[in-house]
Amino acid sequence: MSVEVVLQDITSMKVDAIVNAANRSLLGGGGVDGAIHRAAGTRLYKACKKLGGCNTGGAKITKGYDLPAKYVIHTVGPIWQGGGASEETLLKQCYLNSLELAVLGGIKTIAFPAISCGIYRFPPERAVLIAVSTVMGFLKRNDDVEKVYFVLVDEHMYKLYKDVVDEFILKGEKHAEENNQG
Ligand code: AR6
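What counts and how
Residues numbered from 1 in each chain as written. Predicted model: local features only at pLDDT ≥ 70, side-chain atom pairs only at ≥ 80, totals over all residues. Heavy atoms only, no water. Buried < 20%, exposed > 50% of the residue type's maximum accessible area, 1.4 Å probe, protein only. Helix = DSSP H or I, 4+ residues; strand = E, 2+ residues; numbered from the N terminus. Pairing = 2+ DSSP bridges. Right-handed = clockwise from strand over helix to strand, strands pointing away. Axes fitted to C-alpha atoms, helices over the stretch in contact; angles between N-to-C directions. Contact = heavy atoms within 4.5 Å. Phe/Tyr/Trp six-rings, centres within 6.5 Å; stacked < 30°, edge-to-face > 60°. Near = heavy atom within 4 Å. Polar contact = N/O pair within 3.5 Å; in protein donor to acceptor, adjacent residues only side chain to side chain.

Structural notes on the pairing of strand β6 (residues 147-152)
Burial analysis of β6 places six of its six residues in the buried class, which makes it a mostly covered element. Residues of β6 alternate between two faces, with K147, Y149 and V151 on one and V148, F150 and L152 on the opposite face, all of them buried. Across four bridges, the pairing between strand β5 (residues 109-112) and β6 is parallel. Residue pairing for β6: A111 is matched across the bridge by Y149. A crossover connection joins β5 to the parallel β6 through helix α4 (residues 124-141); in handedness this β-α-β unit is right-handed.

Listed below in structure tokens is the structure:
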């Protein structure tokens, strides 16, 4: 298993699944959601209409249609309201539920955007810790997913993610070393 941080438009990722930061209607919107719907074509919209929406923290899957990715996992991040409305738990659920759907679908490679960090205004410094710790914790417990990409479109977010991922990898290696010695 491995994790990689990339600076790229998620719609160009050739992976088994890309994750969409959707809203509860699952019928499209702005940000990464708009970009995914534009790139996947109207068949994606038609498929989403049949899903009947999705709760915050939940996830649903469709094909990727005109995208290079085979599937799209649509998850609904929380809108940041100051931190007292279970936003952190709900964001964690987005990552976990997306990964669980990936396992069920036999998906080996998956790309996540920075869910809730745009229009939904989740503070990126908090969101990145939840994203990276949740994904890395899941990969430790589960061998089915082989590669997870964190995909960012601006330099600032890319650096934020890169630093946190590097730190987690270093911590993990230290921990393993200590266990070997112990
Ligand atoms: N590839 C990767 N990341 C992107 C792309 C892209 N093509 N475009 C934007 N981002 P947002 P949210 C980054 O606003 O905060 C929609 O209207 C962006 O820079 O897309 O979860 C939905 O329908 C930011 O860091 O999602 C919902 O109503 C991150 O993706 C609402 O927005 C997430 O920003 C969801 O808001």
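Picking up after the structure, the text goes on.
A look at the sheet that holds strand β3 (residues 59-63)
The strand order across the open sheet built from six strands is β1-β6-β5-β2-β4-β3, with neighbouring strands paired in mixed fashion. Because the sheet does not close on itself, it has two edges, and the strands there are β1 (2-7) and β3. Here the average twist between neighbouring strands, direction ignored, is 25°. Bridge count for strand β2 (residues 17-22) against β5 is two bridges, and the pairing is parallel. Bridge pairing in β5 links I18 to A111. The strands that helix α5 (residues 155-181) touches are β1 and β6; relative to β1, the one it contacts most, it runs at about 160°.

What about the packing of aromatic side chains?
Within this structure, the stated rule accounts for four aromatic pairs. Among the aromatic side chains, those forming a connected cluster through ring pairs are Y95, F112, F150 and Y161.

Observations concerning the site of the ligand
Not every one of the 20 residues close to the ligand is listed here, only the nearest: N23, G30, V32, D33 and I119. Measuring from an oxygen atom of the ligand, one finds a side-chain N or O atom of N23 at 2.7 Å. Take Y120: an N or O atom from its main chain is 3.0 Å from an oxygen atom of the ligand. Looking at the shell around the ligand, the elements with two or more residues in it are β2 and α1 (31-40). Among the elements that line the shell around the ligand, the one with the most residues is α1, at four residues.

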